[in-house]
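Residue strings, one per chain:
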Amino acid sequence: MLDFVFITLIFFEIILTTLCVIKITEAEKEVKKLHKKLILTFNLILKINEQIKTTISKINKVVSFITNKKLIKISQIIRTIIDIIQIILLLRSLNLSKGLKSINYKNIKKLILVETSRRILRKILMSM
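In this convention, every chain numbers its residues from 1, walking through the sequence in written order. Reporting in this predicted model follows two pLDDT cut-offs: at least 70 for local features of residues, and 80 or more for side-chain atom pairs to be given and counted; totals over whole chains, interfaces and linings ignore these cut-offs and use all residues. Excluding hydrogens and water, the side-chain figures rest on all heavy atoms present in the structure.

> Now, about the overall build of the protein chain: what can you tell me, with residues and values included?
For helices the rule is a DSSP run of H or I covering at least 4 residues; for strands it is a run of E covering at least 2, with both sets numbered from the N terminus onward. Looking only at helices and strands, the protein chain features 3 helices and 0 strands. Put simply, the protein chain runs from its N terminus to its C terminus through helices and strands in the order α-α-α. Burial classes follow relative accessibility: with a 1.4 Å probe on protein chains only, a residue under 20% of its type's maximum area counts as buried, one over 50% as exposed, and anything between as partly exposed. When burial is assessed residue by residue, the protein chain has 5% of its 128 residues classed as buried. With an accessible surface of roughly 12,200 Å², the protein chain has 73% of that area assigned to carbon and sulfur atoms. Methods summary: accessible areas were calculated by the Shrake-Rupley approach with a probe of 1.4 Å, and residue burial reflects only the protein chains presented.

Structure, rendered in structure tokens:
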């Protein structure tokens, strides 16, 4: 009787080991498939990463050009030159030799309109 129990245990052990080996080989095949997918995904991520790096470097060049201190100083100088030209035009439009009646109000209105529109545009652009 004891021999029968041992023989059945040996058969169960053989059956269980074959089932375990079959499941392990199936799992190994699945791991190989997933490994191939992972390698493809990794290569795709590397390509996307390179594209993102190139676009970010281009954006950085543009931003560094815009935030360049020399460019900001040049724009300030240009603004002051425009202000000086406007003052000169205003003074030329004023002919005070004939009194207040000779003041050309059309030029003053044009200068005020240009200045207010310029300031409004500057505020809109700065708020963006």
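> Residues and numbers for a positive patch on the surface, please.
On the surface, Lys29, Lys32, Lys33, Lys36 and Lys37 cluster together into a patch of positive charge. With respect to the helices, strands and loops of the structure, Lys36 is situated in helix H1 (residues 2–66). Relative accessible area serves as the criterion here: at 59%, Lys36 is assigned to the exposed category. Patch membership is restricted to residues that have no salt bridge and whose relative accessible area is over 30%. Joining uses 9 Å for like charges and 5 Å for the nonpolar side chains Val, Leu, Ile, Met, Phe, Trp and Tyr. One speaks of a salt bridge when a side-chain nitrogen belonging to Lys or Arg is within 4 Å of a carboxyl oxygen belonging to Asp or Glu. His residues and chain termini do not enter the charge count, which takes Lys and Arg as positive and Asp and Glu as negative. By convention, the point assigned to a charge is CZ for Arg, NZ for Lys, CD for Glu and CG for Asp.

> Explain the pattern of salt bridges residue by residue, including any values.
Scanning the entire structure with this criterion turns up 1 salt bridge. Between Lys23 and Glu26 there is a salt bridge, with the nearest N and O atoms lying 3.9 Å from each other. Linking Lys23 with Glu26, this pair stays in helix H1, spanning 3 residues, or about one helical turn.

> Lay out a nonpolar patch on the surface with the relevant residues and their values.
A cluster of nonpolar side chains, namely Leu2, Phe4, Val5, Phe6 and Leu9, defines an oily patch on the protein surface of about 510 Å² accessible area. Looking at the secondary structure, you find Val5 in helix H1.

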